[in-house]
Amino acid sequence: MTPPSTQPTANNLEAFFMPFTANRQFKKNPRLLAKAKGVHYWTPEGRKVIDGTAGLWCVNAGHGREEIKAAIMKQLDEMDYAPSFQMGHPKSFELAARHAAMLPGDLNHAFYCNSGSEAVDSALKIALAYQRARGEGTRTRLIGRERGYHGVGFGGISVGGMVNNRKWFGAMLPGVDHLPHTHDLKRNAFSRGEPQHGVELADELERIVGLHDASNIAAVIVEPCAGSTGYLPPPKGYLKRLREICDKYGILLIFDEVITGFGRLGTGFAAEYFGVIPDLMTVAKGISNATVPMGGVFVRKHIYDGLMNGPENAVELFHGYTYSAHPLACAAASAVLDIYRDEGLFQRSAELSKYWEDGVHSLKGAGGVTDIRNLGLAAGIDLEVRNNAPGARGYDTFVKAFELGLMVRAAGDCIAMSPPLVIEKGQIDEIIEITGKAIKATA
Ligand SMILES: Cc1ncc(COP(=O)(O)O)c(C=O)c1O
């Protein structure tokens, strides 16, 4: 028998079915990254590319951190894997205690998973289970928001409000409503920080309560700053108002902090930045600096306590993942917390945010720019749609920036940027300069 050929096929990029990618377009003109250190990537040919997006909003402490590598290697030597079902390992308890200590308010219990999508589906399930455990089992409806992104699980795409994430996959979860999005170009274009107008959009929750009755509604989930649909900071007072309405009706408030968590806004979490404590908070990305996949749901004391009833030998939350609190992820996440603390990276992010704001807003005249918005170390820049082809200019701008040595994200015709928190001012200048050139080139 002839052994299978090990020769590369004509196009050896073929076998990988790439996520969230135009596969055929990419494989004709690939963009490969082969090495990373600090705030830079290198292509296989050795071309240096500055990372304007912290990978995918996740490498907050910069690439190639030796401390994280050492912690992972040590853990691998000690113990590669241990289950967290009916068993435990010390690092998971240590990590949860550390997270609890740094979280605002009484958010003091941590459930671990492996991604933001899993965190969101876990949070929605915890919310439903909690409502049932406290005798409010009719509260099954979930409320998300238009232009929200909560990952790709069926729960996440159901409460999410991204049309392309929804249109392919059937009926989704029943019993889901959406608040309107908060992007209001007429009143808020070129806002610096939180937009002035739109607090009243939170009152839409009252309308939904009026339609379904609060006794049927379990939870509301929002990103404090919507990220994946083009970075939309909330209008001033909006999140406080949502909190008030949720309290009035016994509805749980979930903040999806997969992007905002771990320093993006210059505080540990957006909850601190806005002074609003959600009942549940989802995290991922910066939790482990993206070295080992990890996600989590942080819950307030009343949520955890509310589920700790019934017979003591009964599983209180019938939910978990084989890799929940994976030892390597816990080791990485703990080492990352050391870096955040020792290097004061959240503070650093706060200190750089004004410089960043001035930089991104200087791009207003770069050519066909319809909006720029920022909060913390992140920004979104909307570009005019070209020739009735939505997304084409955003994509071309992203490709042009990459050719010029910068990685940004294109969300339709919006360019989103979120550099690692270790970025230097001079490197911010470089990001702004290349972004300006790329925008000009596609105007
Ligand atoms: C707010 C938010 N929630 C959830 C997710 C999903 O995370 P993951 O891709 O790790 O599943 C993302 C990813 O970008 C996100 O931005």
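Residues numbered from 1 in each chain as written. Predicted model: local features only at pLDDT ≥ 70, side-chain atom pairs only at ≥ 80, totals over all residues. Heavy atoms only, no water.

If you walk through the whole model with that rule in mind, you get 32 salt bridges. With a shortest N-O distance of 2.8 Å, Arg 187 and Glu 200 are connected by a salt bridge. With Arg 187 in helix H8 (residues 185-188) and Glu 200 in the loop between H8 and helix H9 (204-212), this pair connects stretches of sequence that are 13 residues apart. With relative accessibility at 36%, the residue Glu 200 sits in the partly exposed group. Through salt bridges with shared partners, a single network forms among Asp 106, Arg 243, Asp 247, Asp 279 and Arg 300. (Salt bridge = Lys/Arg side-chain N within 4 Å of Asp/Glu carboxyl O. Helix = DSSP H or I, 4+ residues; strand = E, 2+ residues; numbered from the N terminus. Buried < 20%, exposed > 50% of the residue type's maximum accessible area, 1.4 Å probe, protein only.)

Next up on the list: the packing of aromatic side chains. Taken as a whole and assessed by the stated rule, the structure comprises nine aromatic pairs. Here the aromatic rings of Tyr 395 and Phe 398 are separated by 6.0 Å at their centres, their planes lie at 55°, and the arrangement is tilted. In this pair, Tyr 395 and Phe 398 both sit in helix H15 (residues 392-403), three residues apart, roughly one turn of the helix. Here the basic side chain of Lys 35 rests over the ring of Trp 42, its NZ or CZ set 4.9 Å away from the ring centre. The positively charged end of Lys 364 is found above the aromatic ring belonging to Phe 190, 4.5 Å away from the centroid. (Phe/Tyr/Trp six-rings, centres within 6.5 Å; stacked < 30°, edge-to-face > 60°. Lys NZ or Arg CZ within 6 Å of the ring centre and 35° of its normal.)

Sheet analysis places strand S2 (residues 40-42) next to strand S3 (residues 48-51), joined by three bridges and oriented antiparallel. Within the sheet, the bridge partner assigned to Trp 42 lies in S3 and is Lys 48. The turn joining S2 and S3, which pair antiparallel and follow one another in sequence, is formed by five residues; a positive phi near 95° is taken by Gly 46. Pairing between S3 and strand S13 (residues 406-407): two bridges, direction parallel. (Pairing = 2+ DSSP bridges.)

Time to look at the site of the ligand. Near the ligand, the surroundings consist of Ser 115, Gly 116, Ser 117, Tyr 149, His 150, Gly 151, Glu 223, Ser 228, Asp 256, Val 258, Ile 259 and Lys 285. Between an oxygen atom of the ligand and a side-chain N or O atom of Ser 117, the distance comes to 2.5 Å. Here a nitrogen atom of the ligand sits 2.7 Å away from a polar atom, N or O, in the side chain of Asp 256. Coverage of the ligand by the protein amounts to 83% of the 390 Å² it exposes when considered alone. Residues that form the shell around the ligand fall into these classes: three nonpolar, six polar and three charged. (Near = heavy atom within 4 Å. Polar contact = N/O pair within 3.5 Å; in protein donor to acceptor, adjacent residues only side chain to side chain. Areas by Shrake-Rupley, 256 points an atom, 1.4 Å probe, with all protein chains shown as cover. Nonpolar A, V, L, I, M, F, W, Y, C, P; charged D, E, K, R; others polar.)

Time to look at the packing of helix H14 (residues 345-361) against helix H16 (residues 425-442). With their axes 10 Å apart at the nearest point, H14 and H16 run at an angle of 20° to one another. The angle between the axes of H14 and H16 places the two elements in the roughly parallel class. Pair H14 / H16 crosses with right-handed handedness. Taken together, the residues of H16 that come into contact with H14 (itself represented by Leu 352, Tyr 355, Trp 356, Gly 359 and Val 360) are Lys 425, Ile 428, Asp 429, Ile 431 and Ile 432. For the contact of H14 with H16, the residue count by class is seven nonpolar, one polar and two charged. (Axes fitted to C-alpha atoms, helices over the stretch in contact; angles between N-to-C directions. Parallel < 35°, antiparallel > 145°, perpendicular 65-115°, else oblique. Left-handed = near helix turned anticlockwise from the far one by under 90°. Contact = heavy atoms within 4.5 Å.)

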